Amino acid sequence: MHDKTLAELARALDAGEFSSRELTQHLLGRIDRLDGGLNSFISVTFDQALAAADEADTARAKGHAGPLTGLPLALKDIFCTRGVKTSCGSKMLDSFVSPYDATVVEKLSAAGMVSLGKTNMDEFAMGSSNENSFYGPVKNPWDLTAVPGGSSGGSAAAVAAGLVPAAMGTDTGGSIRQPAAFCGITGLKPTYGRVSRYGIIAYASSLDQAGPMARTAEDCALLLGAIAGHDLRDSTSVARGVPDYSTELAAPLNGLKIGLPSEYFGDGLDPAVEKATREAIAVFESLGASVREVSLPHTHYAIPAYYVIAPAEASSNLSRYDGVRFGHRCDNPADLIDLYKRSRAEGFGDEVKRRILIGTHTLSEGFFDAYYKKAQQVRRLIRQDFLDAFEEVDVLMGPTSPTPAFDLGANKDPVSMYLQDIYTIAVNLAGIPGISVPAGFVGSRPVGLQILGSHFTEARLLNVAHQFQQATDWHRRRPAFAEENV
Amino acid sequence: MALEHADVQRAAHLARLGLNDDEAAGYVDDLGRILEMVDMLQALDTGGVAPLAHPLDATQRLRADEVTESDQRDEFQRCAPAVENGLYLVPRVVE
C-alpha cells in the first residue's frame, strides 16, 4: 500500500481492495516503526487520523466519495490545525495548540483527506537543510548521513520513505522544490496568490506560498486542485478560476519550447548534477520539444535581494511573538520590556534571531532606502528577466539545486548555506510557479529537475512534468530505508 | 556597509530580542558577512525602476466594513500564557 501514488490509492479504495482505515493503520504503523530513524514528524495524530478515515469509509459506503476521499497525507507543521500542536519547528510555539484551521487544512479535510500528522521543518521555515528545527534535524531516507533539504524537509523525507503518499509544504525561497529534489519526489510551488496563506504561519508574506509534495505530477495536480482558489481571508489570494489540473496532463509535448537559462548552468554547478539535468532535457527533445539557451541576466542578484526582503518581512511578522497572547513566555519577568526580550530570546533559535536582526537593521532609520527599497527595485528587474524569457519560450528548465543533498552538518556558515538556493530563490521574487521532478542520482542521492513557467501556468508545468514521468522511472525509485520485513 | 557591535545591540533592542554582549559579539561577524553579500546590490543601477512590493503588482482588495467573524475570545485566549477575566496579564506598567 505504501508504494502507491494517490491516484493508485484512490482506485484501490474505489475498487474496495482495502479501506481508508486499513490504509491509515498501515501507514501509522510504518511511521511508528520507521520514523525514529528519520525524525520527519513532529506530531502524529493517530486518533484524529483514524476518526477521519472512518468518516471517509462511511462516506464511500454511501456513495459520497470524491477523488481525494480517504487518502492520507501529512502537513508541514506551519499549517495551523485546529486542536493540534502547531509548532512551526520552534520552541516559541512548542505549546501552541491552534484554535483554528488554515484554509488549506480546511479544504483538504472538506475533500475527505486524512491527515496523519505534522511534519518537521526548519524553524519558521528559515533554512535549506532542516537542521534549524527545535525538534532536531531530519535525515534523508536515501542516505541517513545527508540532509533532506529544507525548509519542508520532514514532508519530503516522509513521502520519500513511504510513510505517507503526499504532504503539504510551503515555499518562500525553494522550501518545497529543494527538499523534493534532495529526497527524489515531486514538489510544486504555485504562483504567488494561487493558494490562500490564511492560517499558514507567516515568514515572508510577499514570497510565501503553499503547495503539494508527492511522488508524481499527477498527484500534485489532484492536490493543487483541492487547495487552490480565492479566499476572502487572504487579501493576497487571487480571484481567478481554478482549472481542472488533471485534464491537461495527457497533452503531448510536440512543439514545446524549452529555455535553458545560461546562468543556471554556470560556476558552482556540480558536473554530475549538470549531466543528469542535461540527460533529462534530452528526454523532452525525444518527446518533440525544442531547446534553446536563454538568459536571466539578474540571476546573481536574487540571493542578495532575497536576504533583504525576506528578513525584513520576517522581522515584522515575527514581532507578534511577544510572550503575551500565545507562545513561549519567560519566567518571572521584571517588567514588560524584560518579558518581551527574554521570551523572544528563549523562544527563537539562532537562525531566526539572525534574520530578525538583519531585517530590523535594514529597515531601521538611515538604512531603508539603501537596502529595502533597493532590493525591491532589483526584484522588479528579476521578475522582468522571467517575463522577457517567457516571450520566447514556454517553460524554463535547469537543476533545482547546484548539488545533490549535502552531508548533515556540512554547511556551518550561514552565507554558504544561503548560496545553495541560487536556482530557486528568484522564482519566489518573481512570483512564478515552479516544479521539481526526480531526474536521476549522484551516487545514492537524488537529483531534481526544475521546470518554471509564467504566472498561473501550473496546468502546463504539471503536464510537462507528467509527460516526463511517463517516459522515465526516476519517480518510481524507492530508498532501501523504505523496505522493512514485517 | 560594515556592521559594528553597537549596530547589533541597537537592532536587538528595536526587535525586543534579549542579547548579552557575548551573544551580540557572535552575531557581528555573521551579520557582517550577510550584509557584505547583500551589498552586491549597490553595484546595480536601478535608476527609474519602481520598487516591486507584490509579485503580481496587485493592490489589496477592499471589502465592505461589516462584521464577518463571531466572538471567539475565550477560545483564542486559551493558548495565552496568562489570562484573567478575559484580559491578558503582563507585569505592571503603570504604578
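Just so you know, these numbers come straight off a predicted model, no measurement behind them. (Residues numbered from 1 in each chain as written. Chains lettered and ligands numbered in written order. Predicted model: local features only at pLDDT ≥ 70, side-chain atom pairs only at ≥ 80, totals over all residues.)

1. Considering the overall build of chain A
In step 1: The helix and strand inventory of chain A stands at 15 helices and eleven strands.
In step 2: Its C-alpha radius of gyration of 21 Å places chain A within 12% of the 23 Å reference for a compact globule of 486 residues.
In step 3: For chain A, the spread of C-alpha atoms along the principal axes amounts to about 65 × 55 × 45 Å.
In step 4: A buried classification covers 62% of the 486 residues belonging to chain A. (Helix = DSSP H or I, 4+ residues; strand = E, 2+ residues; numbered from the N terminus. Rg over C-alpha atoms; globule rule 2.2 N^0.38 Å. Buried ≥ 20, exposed ≤ 12 C-beta atoms within 10 Å, placed from the backbone.)

2. Description of the overall build of chain B
In step 1: Helices and strands together make up the secondary structure of chain B, namely three helices and two strands.
In step 2: Helices and strands in chain B line up, N terminus first, as α-α-α-β-β.
In step 3: Relative to a compact globule of 95 residues, whose C-alpha radius of gyration would be 12 Å, chain B shows 22 Å and is clearly more extended.
In step 4: C-alpha atoms of chain B, sized along the principal axes, occupy 55 × 45 × 25 Å.

3. Digging into helix α2 (residues 21-38) of chain B
For an α-helix, 3.6 residues make a turn, and residues three or four places apart therefore share a direction.
In step 1: For α2(B), built from 18 residues, the straight-helix expectation of 26 Å at 1.5 Å per residue is met to within 8% by its first-to-last C-alpha distance of 25 Å.
In step 2: The sharpest bend along α2(B) measures roughly 25° and falls at V28(B).
In step 3: Looking only at α2(B), the buried set comprises A24(B), Y27(B), D30(B), L31(B), I34(B), L35(B) and V38(B).
In step 4: Structurally, α2(B) contributes buried residues whose contacts are with α9 (302-317), α11 (350-363), α12 (368-392) and α13 (414-418) of chain A together with α1 (5-14) of chain B. (Expected span 1.5 Å × (residues − 1). Bend = angle between axes of the 7 residues up to and from the residue. Contact = placed C-beta atoms within 7 Å.)

4. A short note on the interface of chain A and chain B
In step 1: Contact with chain A, which involves 52 residues of that partner, is made by 41 residues of chain B.
In step 2: Of all the secondary-structure elements, those providing two or more residues to the side of chain A that touches chain B are α9, α10 (336-347), α11, α12 and α13 of chain A.
In step 3: A total of eleven residues in the side of chain A that touches chain B trace back to one element, the largest contributor, which is α12(A).
In step 4: Of the residues that constitute the side of chain A that touches chain B, the class distribution is 27 nonpolar, twelve polar and 13 charged. (Nonpolar A, V, L, I, M, F, W, Y, C, P; charged D, E, K, R; others polar.)

5. Section: the sheet that holds strand β6 (residues 210-214) of chain A
All names here are of chain A.
In step 1: Sheet architecture is open: eleven strands sit in the order β1-β3-β2-β4-β6-β5-β10-β11-β9-β7-β8, paired in mixed fashion. A single partner strand is all that each edge strand has here, and the edge strands are β1 (41-44) and β8 (290-294). Between one strand axis and the next, the sheet turns through 30° on average, direction left out of account.
In step 2: The strands touched by helix α2 (residues 20-34) within the sheet are β1, β2 (72-76) and β3 (114-119), with β3 carrying the most contacts at an inclination of about 20°.
In step 3: In this fold helix α8 (residues 271-286) packs onto β7 (257-261), β8, β9 (395-399), β10 (434-442) and β11 (445-452), with an angle of close to 115° to the strand it touches most, β10. (Pairing = 2+ DSSP bridges. Axes fitted to C-alpha atoms, helices over the stretch in contact; angles between N-to-C directions.)

6. Regarding helix α7 (residues 217-227) of chain A
Residues and elements named next belong to chain A.
In step 1: In terms of burial, α7 is largely enclosed, as eleven of its eleven residues are buried.
In step 2: For α7, the set of buried residues is A217, E218, D219, C220, A221, L222, L223, L224, G225, A226 and I227.
In step 3: Just downstream of α7 lies G229, where phi reads positive at about 130°.

7. Regarding the nonpolar core
Residue and element names in this part refer to chain A.
In step 1: In terms of nonpolar packing, the biggest core is built from 163 residues, with V104, V159, V164, A167, A305 and I451 touching the most fellow members.
In step 2: Looking at this core, the element that brings in the most residues is α9, giving ten residues.
In step 3: When neighbours within four sequence positions are excluded, A167 is seen to be in contact with L73, A74, L75, K76, T119, S155, A158, V159 and M213. (Core = buried A, V, L, I, M, F, W, Y, C linked by C-beta atoms within 7 Å.)

8. A few points about the confidence of the model for chain B
In step 1: With 99% of its residues at a pLDDT of 70 or more, chain B shows a mean pLDDT of 92.
In step 2: Among the scores for the predicted complex, ipTM is 0.95 and pTM is 0.97. (pLDDT = per-residue confidence, 0-100.)

9. Observations regarding unusual backbone geometry
In step 1: The omega torsion across G150(A) and S151(A) is 10°, close enough to zero to call that bond cis.
In step 2: With respect to the secondary-structure elements, S151(A) resides in the loop between β3 and α5 (153-160).
In step 3: Unusually for a residue other than glycine, R16(B) sits at a positive phi of about 50°.
In step 4: On the secondary structure map, R16(B) appears in the loop between α1 and α2.
In step 5: On the basis of neighbour counts, which here come to 22 C-beta atoms within 10 Å, the residue R16(B) falls in the buried class.
In step 6: One non-glycine residue, D57(B), adopts positive backbone phi at about 55°.
In step 7: Mapped onto the elements of the fold, D57(B) is located in the loop between α2 and α3 (73-77).
In step 8: Accessibility expressed as a C-beta count within 10 Å gives 11 for D57(B), which makes it exposed.

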